[in-house]
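Understanding the architecture of this molecule
Each chain, written out:
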Amino acid sequence: GTKDRFELVGTPPDHQEAEFADAVREGLSASPRHVPARFLYDARGSELFEQICTLPEYYPTRAEREILEDRADEIAAAIDREPTLVEFGSGSAEKTRHVIEALIARHGHLRYAPIDISRAALEASADGLLADHPELEMVGVWGEYARGLLTLERVTDSPLLVLWLGSSIGNLTHTEALAFLRDVRERLAPQDRLLIGVDLVKDPAVLEAAYDDAQGVTAAFTLNLIARIARELGGDLRPEDFCYRSRWNPDEERIESHLEVVRAHTAHIPGAKLEVAFEVGDRIHTEYAHKYTPKSFAALAADAGFAVERNWTDGEARFRSCLLAP
Ligand code: AVI
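Cut-offs applied
Residues numbered from 1 in each chain as written. Predicted model: local features only at pLDDT ≥ 70, side-chain atom pairs only at ≥ 80, totals over all residues. Heavy atoms only, no water. Helix = DSSP H or I, 4+ residues; strand = E, 2+ residues; numbered from the N terminus. Buried < 20%, exposed > 50% of the residue type's maximum accessible area, 1.4 Å probe, protein only. Polar contact = N/O pair within 3.5 Å; in protein donor to acceptor, adjacent residues only side chain to side chain. Contact = heavy atoms within 4.5 Å. UniProt positions renumbered as here; feature names shortened; annotations may be inferred. Pairing = 2+ DSSP bridges. Axes fitted to C-alpha atoms, helices over the stretch in contact; angles between N-to-C directions.

**Quick notes on the side chain of Asp314**
Among the structural elements, Asp314 can be located in the loop between β13 (307-313) and β14 (319-325). Residue Asp314 is classed as buried on the basis of its relative accessible area, which comes to 4%. Within polar-contact distance, the side chain of Asp314 engages the backbone nitrogen of Arg318 at 2.8 Å. When near neighbours in sequence (up to four residues on either side) are disregarded, Asp314 contacts Ala63, Glu66, Ile67 and Phe319.

This is how it looks when you write it as structure tokens:
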């Protein structure tokens, strides 16, 4: 059966509701107004994000899948002993399959430990993967990424291969990315490796289309934040009173996204003990998506104390998978 090959560890991320209320109260009272991007991912937001990944304009998922598919054997060979495969924010783990299969082909067995804030995502991905691969054992680590590394018990001195895919690092500012990478590095042993997906700087038109698609899925994904505030904090905000905007900032090398007020109104948000007067043109910053050049990423990795050991790029040089050694 598959049940005896799945174990769930970690603790439910508590205080989630209070955290959202605090973030909304602080962010909407601040200037400029903002809400941290991680709050885009409630159940509805996660569903819309999965849809974004299939859009014709949103190339990062396809580019990274191409690399993982074509280079899975090389990635598996980059660590000599059988590693425990760890993944930050595994979600559906759809792209990870290629790496899992290459590692099983090489070692005949694999222990895979996805770390995710969503218990439902951990259980759903386990169902599919374990049914397909009798040689696979899974430990789902429920919780936040870096803390999950501590929760995970090491099996003998088997190295860890940690995956951080999807260019999620782009949603962090450079300061946050540096702090996070340093934190991860401190928790790794010398034989461990971090494989990180990095989206590259490219033609602004391509970048802007990827973050503002013709079907309006990215707009719906971002506007869901307004609906979430209304749902969870009992506010009277309406998505119709906002409009999604995003643009490439060439100096900061990042996409900047926000919601812009299109009808003047005062919003009451009892769950956050907050009242906000919105004027037409006011903005709520929702997300950054930083892009890197091979050079700017190597500098960030070096600052965090990592050595870039290998790089793989897709055929159109849009995306890079970098193997970092602590
Ligand atoms: C999850 N993250 C890497 C996505 C990105 O590309 O920054 C989130 C996203 N936002 C709008 N489209 C995709």
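**Section: the UniProt feature "domain: Histidine-specific methyltransferase SAM-dependent" (unreviewed entry) in the protein**
The feature "domain: Histidine-specific methyltransferase SAM-dependent" (unreviewed entry), as annotated in UniProt, sits at residues 21-324 in this numbering. Taken end to end, residues 21-324 has its terminal C-alpha atoms 37 Å apart, with 39% of it in helix and 26% in strand.

**What about the sheet that holds strand β3 (residues 84-88)?**
The strand order across the open sheet formed by eight strands is β1-β5-β4-β3-β6-β7-β14-β13, and the pairing between neighbours is mixed. Two strands in the sheet have a free side with no partner beyond their single neighbour: β1 (6-10) and β13. Sheet twist, expressed as the mean angle between neighbouring strand axes with direction ignored, is 20°. Relative to strand β5 (residues 136-142), β1 runs parallel, the two sharing five bridges. Across the sheet, residue Phe6 finds its bridge partner in β5, namely Met138.

**Here's the deal with the environment of Leu55**
Mapping Leu55 onto the fold places it in the loop between α2 (43-52) and α3 (59-77). On the accessibility criterion, Leu55 (4% relative accessible area) is buried. Measuring from C-alpha to C-alpha, the distance between Leu55 and Val198 comes to 19 Å, with 143 residues separating the pair along the chain. Dropping the residues within four chain positions of it, Leu55 is found in contact with Arg62, Asp213, Gln215, Val217 and Thr218.

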